[in-house]
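# Analysis of the macromolecular model
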Amino acid sequence: MNRYPVWKYAIIVIALLLGVIYTLPNFFGEAPAVQVSSGKATVKVDTSTLQRVEDALKSAGVTAQVVSLEGASIRARFESTDTQLKAKDAIQKALVADPADPQYVVALNLVSRSPVWLNNLHAAPMYLGLDLRGGVHFMLQVDMKAALTQRVEALAGDLRSVLREKDIRHGGIVRNGQGLEIRLRDAQQLALTKSVLSNQFPELLVTDAASGADIQLSASMKPEAARKVQEQALKQNITTLHNRINELGVAEPVIQQQGLDRIVVQLPGVQDTAKAKDILGRTATLEVRMVDESTEARAAEREGGLVPFGADRYLERNGQPLIVKKQVVLTGDNLTDAQPGFDSQTQEPVVNLTLDAKGARIFKDVTRDNVGKRMAIVLFEKGKGEVVTAPVIRSEIGGGRVQISGRMTTVEANDTALLLRAGSLAAPMEIIEERTIGPSLGAENIAKGFNSVSWGFLVIVAFMCVYYMMFGAFSGIALGVNLLFLVAILSMLQATLTLPGMAAMALALGMAIDSNVLINERVREELRNGASPQAAIHAGYDRAWATILDSNITTLIAGVALLAFGSGPVRGFAVVHCIGILTSMFSAVFFSRGLVNLWYGSKKKLKGVSIGTVWRAEGSSAVKAD
Amino acid sequence: MEFFKIKKDIPFMKNALVFNAISFVTFALAVFFLFSKGLHLSVEFTGGTLMEVSYTQSADLNKVRGTVATLGFSEVQVQNFGTARDVMIRLPAQKGVSSAQQSDKVMAALKADAPDVTLRRTEFVGPQVGDELAVDGLKALAFVVVGIVLYLAIRFEWKFAVSAIIANLHDVVIILGFFAFFQWEFSLAVLAAVLAVLGYSVNESVVIFDRIRENFRRYRKMNTVEVIDNAITSTISRTIITHGCTQIMVLSMLLFGGETLHYFAMALTIGICFGIYSSVFVAAAIAMWLGVTREDLIKPVKKDEGDPGDENRGAVV
């Protein structure tokens, strides 16, 4: 009765094999590496980049252990930190022509030293959290109210210009919180305005709000439109953060949305919080200026001579110099949106800019006075300007809707729109949580967690072996297997391991032994009651199972609650806690039964089992009969 | 080896009133301290800035305190963290000053005093996060309580579910009482420990309830009190050994886990000790007073489920 069919043993063997394979990478340690990733949205890292990296290493005479393309980055592994630094310089020189405007991010990193065949199986070491490896953690709150206000403000401007175009007279459009109030003079205008609103402003929800003799409309953002604005704001902020963090040269930055309005930024290995914060909070500025069309300027442009007084020389994106007047017409603050699109008549790719009310007014004046001249849109980042585009003004442009067109491909239109947007954050952000962990502290934390787990584990196994003899040894092995599975699953899922996670690991082992104690006690009890050894084993496992299931499920309920409502450190704890409960059910019941069956199951005339003292009170039925 | 050579069922239920009185007094004390002293909440809950700095030699706390005080912060806490060389400084959240500015200012002042000081860790939590964490913590607690009551009610009987949750919530309150009395720092990790303990000590009650149900089936002639006494007695050895093993792990964390895991392990230790007490002495007694009967647990009256492997069966029943 204590035999497993072959398939059950097969499951055990396969599970063990998988466990070992996925646990293995954790033992190889880490090797210094150089990681190359894209520094711009338009630059892709692919096999040709890989070739360039390899060539650069070859020409510098540096040999890498492995150079591979993994996802969107290239990693080159080296023997020592010396060669790593040399290689970084060589790659940097080969790939990044202009350090002030890097196309690629070349960063130092640590990668697992595990052999290639393990990498091919996607077996990677556990992903250590910041508290174990050191680094900076920020949580940023996006001010969604500001994003909405901005959008409503822009809509108000649009509405004004549309009404003006259609010659509909209104008595004022005022923003009131997140809504608009439109005052009108008579019923006819009201009807016209309503039709304009319903045709051209699908984002707005319009209701009549007549107060006394006044005819008034109030409009507010439809909930789905508001949600879209918020989603876009968050997405754009994340993109902008990505661009900025690329500059820091961090190997594996984590930039994630959390909840509806939060962004988590984690920069492993970065210690300089001040600089990181500076870069995160920086705003690139956009300026609209007039191109200097004087003859001196033309000459300076062509021959690279002296730049006339009151002007600056900037490069266009194709590398051509352009002389631009110092006087600023508009700044990025007045630009509310930039989207790629197509001209409705020519079907040419264009970029559509939307300006706020103040910007629209200025823009109208400037364009009226400068028809036929060129204006330049200059993007300043890190104090360096670049001309994004310099179109010719064809006519006066009012209403704050600007279209930039002319000899652009769709890709170029996309890039220009991105660049125009990239500078700015869609909505202001505020740091609401920040954590810095020094690298030495990280290493100490690993040691502390490791010591806790290993000492606790050893003492428990020793005790089990002494108290339950052979069955204790089986329990000990099962506990070891539990640890193996736990580490393997954490490595496989690449769940973040933190110090609370390690504590959960220790606790999971401490709790997992409960199942084995239950079983062993049950088997002893059966023996005490006079059951034959084989029957005792059978009944012990069978009867204990229901109890084990019940008790694990109640523990799991607590684990799931922590997972659902916890954040940060609690989440790290909960993940390991839950996985630990699941693996313990497998190892403590299924696996340990396998061991017991293998050992005792085939012995037909089993006289006794080694489970420590089976104590009987004098008179064997004394325990029960009362 | 066998630690538990118990000849007769221990009459736990006879003394149930005494045990519950003890339990109630402890509980009342815990509630009293919770209200009179309050929890010493960590930065995660209150918001503010936490800095951990390290000196090459033993740090002079008074000097550090003086230095920080000159910067004009109110309510600054300065204390050793783990070793004499490590110092933890806790600054309250200030309006209009970012945490970077705060910590930079403090670091600059400390550096001026002793150039060998290094910053090991900073942590800043905005006040809005803190409130949220407290709310989420309560939600999690509610979820655990409802989840466990439902599960036990389905699996066993509502009387068991109610008594298990009363017994174990009383553990949670007692842990909190300890934290309030000693003014230990109550952090997110401790909260996780408290909830884990809740799940874990319910285990204990489940094991005993399981046995009670089984006994009701097997020993038809015993009355409720005898059944409960027998169930507790026959599971006590497992209870002590299991908790002992878990405690070994927790002890290992207490010894090797350092300051960060200290209070986490502390909470678990208290939880485990009171978990045993409440499961053994309190939960079953409450179930008894709620009037658990054989019929509650064995609804479809099956024929006596004998175990063919058990030769003693006939003799006992």
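These figures come from a predicted structure and were not determined experimentally. (Residues numbered from 1 in each chain as written. Chains lettered and ligands numbered in written order. Predicted model: local features only at pLDDT ≥ 70, side-chain atom pairs only at ≥ 80, totals over all residues.)

## Overview of the overall build of chain B
Looking only at helices and strands, chain B features 11 helices and 6 strands. Here the C-alpha atoms of chain B give a radius of gyration of 25 Å, more than 25% beyond the 20 Å that 2.2 N^0.38 yields for 317 residues. Counting only C-alpha atoms, chain B reaches 85 × 40 × 35 Å along its principal axes. Considering chain B as a whole, with its 317 residues, one finds that 47% of them fall into the buried category. Once local pairs closer than 6 in sequence are excluded, the contacts in chain B between residues at least 24 apart make up 79%. (Helix = DSSP H or I, 4+ residues; strand = E, 2+ residues; numbered from the N terminus. Rg over C-alpha atoms; globule rule 2.2 N^0.38 Å. Buried ≥ 20, exposed ≤ 12 C-beta atoms within 10 Å, placed from the backbone. Contact = placed C-beta atoms within 7 Å.)

## Regarding the overall build of chain A
Helices and strands together make up the secondary structure of chain A, namely 16 helices and 22 strands. The C-alpha atoms of chain A give 34 Å as radius of gyration, which overshoots the globular expectation for 626 residues (25 Å, by more than 25%). Principal-axis analysis of the C-alpha atoms places the extent of chain A at approximately 115 × 80 × 40 Å. Taking all 626 residues of chain A together, the buried fraction comes to 44%. The long-range share in chain A, meaning contacts at least 24 apart out of those at least 6 apart in sequence, stands at 70%.

## Regarding the domain arrangement of chain B
Looking at the assigned domains, one finds that chain B contains domain 1 (13-40 + 129-316) and domain 2 (48-125). On a C-alpha basis, the centres of domain 1 of chain B and domain 2 of chain B stand 42 Å from each other. (Domains from an automatic or database assignment.)

## Notes on the sheet that holds strand β6 (residues 135-142) of chain A
An order of β11(A)-β12(A)-β6(A)-β21(A)-β5(B)-β2(B)-β4(B)-β3(B) is seen for the 8 strands of this open sheet, with the pairing classed as antiparallel. Only two strands of the sheet have a single neighbouring strand rather than two, namely β11 (254-258) of chain A together with β3 (77-81) of chain B. When strand polarity is set aside, the average angle formed by the axes of neighbouring strands in this sheet is 20 degrees. As judged from the 6 bridges shared by strand β2 (residues 48-54) of chain B and strand β4 (residues 83-91) of chain B, these two strands associate in the antiparallel manner. Opposite V53 of chain B, over in β4 of chain B, you have V87 of chain B as the bridge partner. Docked against the sheet, helix α3 (residues 61-70) of chain B engages β3 and β4 of chain B, running at close to 145 degrees with respect to β3 of chain B. (Pairing = 2+ DSSP bridges. Axes fitted to C-alpha atoms, helices over the stretch in contact; angles between N-to-C directions.)

## Quick notes on the interface of chain A and chain B
Between chain A and chain B, the residue contacts involve 73 residues of the former and 69 residues of the latter. Elements with a minimum of two residues in the side of chain A that touches chain B: α9 (273-281), β21 (429-437), α13 (439-493), α14 (499-528), α15 (533-565) and α16 (569-601) of chain A. Sorting elements by how many residues they give to the side of chain A that touches chain B places α15 of chain A first, with 17 residues. By the bridge criterion, 5 bridges tie β21 of chain A to strand β5 (residues 118-125) of chain B in an arrangement that is antiparallel. Paired with R435 of chain A across the bridge in β5 of chain B is E123 of chain B.

## Let's talk about the domain arrangement of chain A
Domain parsing of chain A yields domain 1 (6-22 + 438-601), domain 2 (30-113), domain 3 (145-225) and domain 4 (284-414). Relative placement of domain 1 of chain A and domain 2 of chain A: their C-alpha centres are 42 Å apart.

## What to know about α13 of chain A
For an α-helix the count is 3.6 residues per turn, leaving residues at separations of three or four pointing the same way. Residues and elements named next belong to chain A. If you check α13, its first and last C-alpha atoms are just 25 Å apart, much less than what 55 residues at 1.5 Å a residue would give, namely 81 Å. The sharpest bend along α13 comes to roughly 145 degrees, located at Y468. Just past α13, the residue Q494 takes up positive phi, approximately 55 degrees. (Expected span 1.5 Å × (residues − 1). Bend = angle between axes of the 7 residues up to and from the residue.)

## Observations regarding the pairing of β6 of chain A
Residues and elements named next belong to chain A. The buried fraction of β6 is high, at 8 of 8 residues. Side chains G135, H137, M139 and Q141 of β6 all project onto a buried face; the interleaved residues V136, F138, L140 and V142 project onto the opposite face, where all are buried too. Alignment of β6 against strand β12 (residues 262-268), held across 7 bridges, turns out to be antiparallel. By the bridge assignment, H137 is partnered in β12 with Q266.

## With respect to the confidence of the model for chain B
Residues and elements named next belong to chain B. Looking at chain B, pLDDT values average 82 and 91% of them are 70 or higher. Model confidence for chain B, summarised as mean pLDDT per element, is weakest for helix α11 (residues 313-316) at 42 and strongest for helix α1 (residues 16-36) at 91. Here residues 301-317 is a poorly scored stretch, pLDDT under 50, and it has 21 contacts once near neighbours within four places are set aside; other chains count. Reported confidences for the modelled complex are a pTM of 0.75 and an ipTM of 0.83. (pLDDT = per-residue confidence, 0-100.)

## Some thoughts on helix α11 (residues 357-369) of chain A
All names here are of chain A. If you check α11, its first and last C-alpha atoms are 19 Å apart, about what 13 residues at 1.5 Å a residue would give, namely 18 Å. Residues of α11 that are buried: G359, A360 and F363. End-on view of α11: buried residues confined to an arc of 95 degrees, all on one side of the axis. Those residues of α11 that are buried are in contact with α6 (144-165), β15 (321-331), β16 (335-342), β17 (349-355) and β20 (401-404). (Arc of directions from axis to C-beta.)

## Side note on the packing of α15 of chain A against helix α5 (residues 127-155) of chain B
Between α15 of chain A and α5 of chain B, the shortest axis-to-axis distance is 9 Å and the interhelical angle comes to 155 degrees. When the axis of α15 of chain A is compared with that of α5 of chain B, the two are roughly antiparallel. For the pair α15 of chain A and α5 of chain B, the sense of crossing is right-handed. Residues D550, I553, T554, I557, A558, A561, L562, A564 and F565 of chain A of α15 of chain A form the contact with α5 of chain B, whose own contacting residues are D136, K139, A140, F143, V144, G147, I148, Y151 and R155 of chain B. (Parallel < 35°, antiparallel > 145°, perpendicular 65-115°, else oblique. Left-handed = near helix turned anticlockwise from the far one by under 90°.)

## Some remarks on the nonpolar core
In terms of nonpolar packing, the biggest core is built from 204 residues, with L195 and A267 of chain B touching the most fellow members. When residues in this core are grouped by element, the largest group, 20 residues, is from helix α9 (residues 258-289) of chain B. When residues no more than four places from it in sequence are discounted, the contact partners of L195 of chain B are A558, A561 and L562 of chain A together with A140, L141 and V144 of chain B. (Core = buried A, V, L, I, M, F, W, Y, C linked by C-beta atoms within 7 Å.)

## Here's the deal with the sheet that holds strand β2 (residues 66-70) of chain A
All names here are of chain A. Read from one edge to the other, the open sheet built from 4 strands follows the order β2-β3-β1-β4, with strand pairing classed as antiparallel. Pairing within the sheet leaves two strands with one partner each, and these edge strands are β2 and β4 (104-112). Adjacent strand axes in the sheet meet at a mean angle of 25 degrees, parallel and antiparallel pairs treated alike. Taken together, the 5 bridges between strand β1 (residues 30-38) and strand β3 (residues 73-77) define a ladder with antiparallel strand orientation. Within the sheet, the bridge partner assigned to S37 lies in β3 and is S73. Relative to the sheet, helix α3 (residues 81-95) contacts β1, β3 and β4, its axis offset from that of β1 by approximately 10 degrees.

## Quick look at the packing of α15 of chain A against α16 of chain A
Residues and elements named next belong to chain A. Following both chains from N to C, one finds α15 and α16 inclined at 170 degrees, their axes separated by 8 Å at the closest point. In terms of orientation, α15 and α16 fall into the roughly antiparallel class. Among the residues forming the contact of α15 with α16, the class breakdown is 18 nonpolar, 4 polar and 2 charged. (Nonpolar A, V, L, I, M, F, W, Y, C, P; charged D, E, K, R; others polar.)

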